[in-house]
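Listed below, chain by chain, are the residues.
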Amino acid sequence: MLRKLRENKSFQGILLISPTLLFMIGLLILPLILTTIISFGSRNSDGGVIYSFTLDNYIRLAGFSTSCDNGATSCFDPLYAQILWRSLALALETTIIVIILAYPLSYFIARASAKRRNTFLFLVLVPLWTNFVIRVYAWMMILRTEGVLNGVIGAVFGFLHIPFTPLNMLYTPGAVLVGMVYEFLPFMILPIFTSLEKIDNSLYEAAADLGANSIRTFLRVTLPLSMPGVVAGTILVFIPVMGTFIVSDILGGRQVILVGNLIQRQFLDARDPTFGSAAALILMVMTLVVTYFYTRKFGFGEEIVIG
Amino acid sequence: MNPNKRAPHVILLTILVYFFLYAPIFVLVTYSFNASKTNIVFTGVITQFGDLKLVDGNVMQSPCGPFHWFCELGKNQEVMNAAKNTLVIAFISTFSATVIGTLAALALQRYNFKLKTFSEVALYIPIVIPEIVMGIGILTLFSQIFSYLNNSFGLSGDGRLGLGLTTVILSHITFSIPFVTLVVRARLQGFDQSFEEAAMDLGANEVVTFWRVTLPMLLPGVLSGALMAFTLSLDDFVITFFTNGPGSTTLPIYVYGLLRRIITPQVNALSTVWILVIFLAVFLLQWLQNREVRS
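Just so it is clear, the structure is predicted and the values come from calculations on it, not from any experiment. (Residues numbered from 1 in each chain as written. Chains lettered and ligands numbered in written order. Predicted model: local features only at pLDDT ≥ 70, side-chain atom pairs only at ≥ 80, totals over all residues.)

A short note on the overall build of chain A
Next up, step 1: Along its length, chain A carries 13 helices and four strands.
Next up, step 2: In terms of overall size, chain A is more extended than a compact globule, its C-alpha atoms giving a radius of gyration of 25 Å where 307 residues would be expected to give roughly 19 Å.
Next up, step 3: Dimensions of chain A along its principal axes, counting C-alpha atoms only, are 85 × 70 × 35 Å.
Next up, step 4: Expressed as a percentage of its 307 residues, the buried residues of chain A come to 44%.
Next up, step 5: Considering only contacts in chain A between residues 6 or more positions apart, those separated by 24 or more positions represent 69%. (Helix = DSSP H or I, 4+ residues; strand = E, 2+ residues; numbered from the N terminus. Rg over C-alpha atoms; globule rule 2.2 N^0.38 Å. Buried ≥ 20, exposed ≤ 12 C-beta atoms within 10 Å, placed from the backbone. Contact = placed C-beta atoms within 7 Å.)

Considering the overall build of chain B
Next up, step 1: Check the secondary structure of chain B and you find 11 helices and three strands.
Next up, step 2: Starting at the N terminus and walking to the C terminus, you meet the elements of chain B as α-β-β-β-α-α-α-α-α-α-α-α-α-α.
Next up, step 3: Computed over the C-alpha atoms, the radius of gyration of chain B is 25 Å, more than 25% above the 19 Å expected from 2.2 N^0.38 for a compact globule of 295 residues.
Next up, step 4: Expressed as lengths along the three principal axes of its C-alpha atoms, the size of chain B is roughly 80 × 75 × 35 Å.
Next up, step 5: The proportion of buried residues among the 295 residues of chain B is 41%.
Next up, step 6: At a minimum sequence separation of 6, the contacts of chain B that also span at least 24 residues come to 67%.

A word on the sheet that holds strand E2 (residues 53–55) of chain B
Residue and element names in this part refer to chain B.
Next up, step 1: Taken together, the three strands give an open sheet; going across it, the order is E1-E3-E2, and neighbouring strands pair in mixed fashion. The strands lining the two open edges of the sheet, one partner per strand, are strand E1 (48–49) and E2.
Next up, step 2: Pairing analysis gives two bridges linking E1 to strand E3 (residues 58–62), with the strands arranged parallel. Looking at the pairing, Gln48 lines up with Gln61 of E3. (Pairing = 2+ DSSP bridges.)

Here's the deal with the packing of helix H6 (residues 165–189) of chain B against helix H8 (residues 206–235) of chain B
All names here are of chain B.
Next up, step 1: Two numbers describe how H6 lies on H8: the axes approach to 8 Å, and their chain directions differ by 150°. When the axis of H6 is compared with that of H8, the two are roughly antiparallel. When the axes of H6 and H8 are compared, the crossing they make is right-handed. On H8, the residues that touch His172, Phe175, Ser176, Phe179, Val180, Val183, Val184 and Arg187 of H6 are Leu218, Gly221, Val222, Ser224, Gly225, Met228, Ala229, Leu232 and Ser233.
Next up, step 2: Looking at the contact of H6 with H8 residue by residue, the classes come out as 10 nonpolar, six polar and one charged. (Axes fitted to C-alpha atoms, helices over the stretch in contact; angles between N-to-C directions. Parallel < 35°, antiparallel > 145°, perpendicular 65-115°, else oblique. Left-handed = near helix turned anticlockwise from the far one by under 90°. Nonpolar A, V, L, I, M, F, W, Y, C, P; charged D, E, K, R; others polar.)

What to know about the domain arrangement of chain B
Where interface size is quoted, it is often the accessible area lost as the parts come together.
Next up, step 1: Here chain B is partitioned into domain 1 (8–70) and domain 2 (77–261).
Next up, step 2: The straight-line distance from the C-alpha centre of domain 1 of chain B to that of domain 2 of chain B is 36 Å. (Domains from an automatic or database assignment.)

What to know about unusual backbone geometry
Residues and elements named next belong to chain A.
Next up, step 1: Even without a glycine there, the phi angle at His161 is positive, about 60°.
Next up, step 2: Topologically, His161 is positioned in the loop between helix H7 (148–159) and helix H8 (173–197).
Next up, step 3: Positive phi, close to 60°, is recorded for Tyr171, a residue that is not glycine.
Next up, step 4: Structurally, the position occupied by Tyr171 is in the loop between H7 and H8.

A closer look at the interface of chain B and chain A
Next up, step 1: In this complex, chain B contributes 75 residues to the contact, which on the side of chain A involves 78 residues.
Next up, step 2: Counting only elements with at least two residues in the side of chain B that touches chain A, the list comes to helix H1 (8–31), helix H3 (77–110), helix H4 (116–128), helix H5 (131–152), H6, H8, helix H10 (251–259) and helix H11 (265–294) of chain B.
Next up, step 3: Per element, the largest residue contribution to the side of chain B that touches chain A is 12 residues, and it comes from H1 of chain B.

Section: the packing of helix H6 (residues 132–143) of chain A against H8 of chain A
Residue and element names in this part refer to chain A.
Next up, step 1: Relative orientation of the contacting elements H6 and H8 amounts to 140°, with a least axis distance of 10 Å. As judged from the angle between their axes, H6 and H8 are oblique. Between H6 and H8 the crossing geometry is right-handed. Between H6, through Phe132, Arg135, Val136, Trp139 and Leu143, and H8, the contact on the second element is made entirely by Ala175, Val178, Gly179, Tyr182 and Glu183.

Things to note about helix H7 (residues 194–201) of chain B
Next up, step 1: The element H7 of chain B is largely exposed, with a buried count of zero among its eight residues.
Next up, step 2: Within two residues after H7 of chain B, Gly203 of chain B carries a phi angle of roughly 100°, on the positive side.

With respect to the pairing of E3 of chain B
Residue and element names in this part refer to chain B.
Next up, step 1: As defined by bridge partners, E2 adjoins E3 across three bridges and the pair is classed as antiparallel. Each bridged residue has a counterpart across the sheet, and for Lys53 the counterpart in E3 is Gln61.
Next up, step 2: Counted along the chain from E2 to the antiparallel partner E3, the turn is two residues long, and its residue Asp56 has a positive phi close to 50°.

Looking at H6 of chain B
Next up, step 1: Its 25 residues give H6 of chain B an end-to-end C-alpha distance of 36 Å, which sits within 8% of 36 Å, the value for a rise of 1.5 Å per residue.
Next up, step 2: If you look at H6 of chain B, its biggest bend is around 30°, right at Ser176 of chain B, and the proline Pro178 of chain B turns up within four residues after that. (Expected span 1.5 Å × (residues − 1). Bend = angle between axes of the 7 residues up to and from the residue.)

Concerning the environment of Thr20 of chain A
Next up, step 1: With respect to the helices and strands, the residue Thr20 of chain A is situated in helix H2 (residues 9–39).
Next up, step 2: According to the C-beta neighbour criterion, Thr20 of chain A is buried, with 26 such atoms within 10 Å.
Next up, step 3: Leaving out residues up to four positions away in the same chain, Thr20 of chain A has contacts with Ile100, Gly101, Ala104, Ser119 and Ile177 of chain B.

Considering the environment of Asn168 of chain A
Residues and elements named next belong to chain A.
Next up, step 1: Locating Asn168 in the fold gives a position in the loop between H7 and H8.
Next up, step 2: A count of 12 C-beta atoms within 10 Å places Asn168 in the exposed class.
Next up, step 3: Asn168 sits 106 residues away from Thr274 along the chain, and the two C-alpha atoms are 37 Å apart.

Some points on the environment of Leu125 of chain A
Next up, step 1: Along the chain, the position of Leu125 of chain A falls in helix H5 (residues 114–129).
Next up, step 2: Along the sequence, Leu125 of chain A and Phe187 of chain A sit 62 residues apart, while their C-alpha atoms lie 9.4 Å from each other.

Shown next, in the form of structure tokens:
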């Protein structure tokens, strides 16, 4: 009996994977199923969940409300649709800016000599692993009205004898965008670097021998071969930006509300977990749909592992 | 050679991006030596050593000199508790996730079994869904379980079950396992199995072979996986935010709470210490990886 088990490869495999499955099913798949179930439920007065089947939360998300200001029985308020759209637009903007900033840097690192390459990579990893909250705080210090940036601009203007009133930069959509770009830039640099590093030098030489100029070489050789890195980086940036709530919370104040803030408030302040769950599910579906079509068009990058 | 290599616009953009990456860190560190208690404007570094002396909200003199806020930080009981929680969570979850994730990597790389595809898909879920979705899911699960147990056993007051260190640790193990598995599996892919076969031929059984041959050869991969799990745990905000309870505040949660109140340069001092620790950790990680490449 024991001998038989020892020779049963399938059983051994299951045995080795079972602790992982316990965690993945118990604390990942089960919570997702539960979230789906309660998103169709409703809440009682003290924030508890009533298990039922109603589409109310989704109807509310789509903008139809039953509690209207003017006493009507139903009205249309696109507030939540606007929040979803704003989050999507911000995630796309952030991803595009991050690609533009990350590409030249990754290119520079990939072309550097092997010894220097490690130093340059090290310089990217340090901000990456510096705590997320601390990095948002740094931008709060820079952007606020009495902050560092206004101080620097004011000093320059003062030197040139130009009158200057400090700009209100904190708690604006621009501040949130800068914060997001800063937070997620390293996540784009590393995968693009990995794919650029793999390009053999002889390909550049061949392109030059065949008479391609630098722009043509870039468009026909470098860019296509580095696409897996760009795709992996996009996934690593786009998905978290869609769900992040700290950046908009700290740098956007109450001015910029993203879907992450909406969900967080339902669970902590508004005490309506059923509505929060519906919003979370919509968020998940949105990111999965965009990621699915994007990876189907460009392929799934192997560069997804950062480390 | 590649004509783009020394293109001036590439170099210029590189310098600008590095500046963008490091300017905020420089600001954080500089302000941790700020004399101003309100920390809005930089009023200079505290230069005098001696008994604490305040003038107009500026620290003129401190027993710790320029390191005044670091000393205050050391005296801050809340910070020390948060630091302790952060480390306890990171060590326990790293150890568990490393063991569990390494076993999973072995299973996926070397065995064929019924749930293999399912396991591979499940391990990708934390990477492709937003963290907040996982956070609220775990929060909902725990709160439903706890309210059910509290009601059915009539628990009340301090006896009530609730969110705390245990729930945070369990959640951290969950999001760390996939990363450990990915790293260890990558190592296993380039693994020469003839060493293990040789050990078996020489009469070692599976257990001895595993401890004396497989594990030592896997160790660099396991260590980088562990270091990654450790940094992920230290750094985590979102999952911890939803799963922590009274008495299980971690440093990122503590800092987040402060950002919505009054911020003294203590927060900057904390950031500076944090950046230093990360600097050393990344250095160690790179050193490990370079050593692995060379051998």
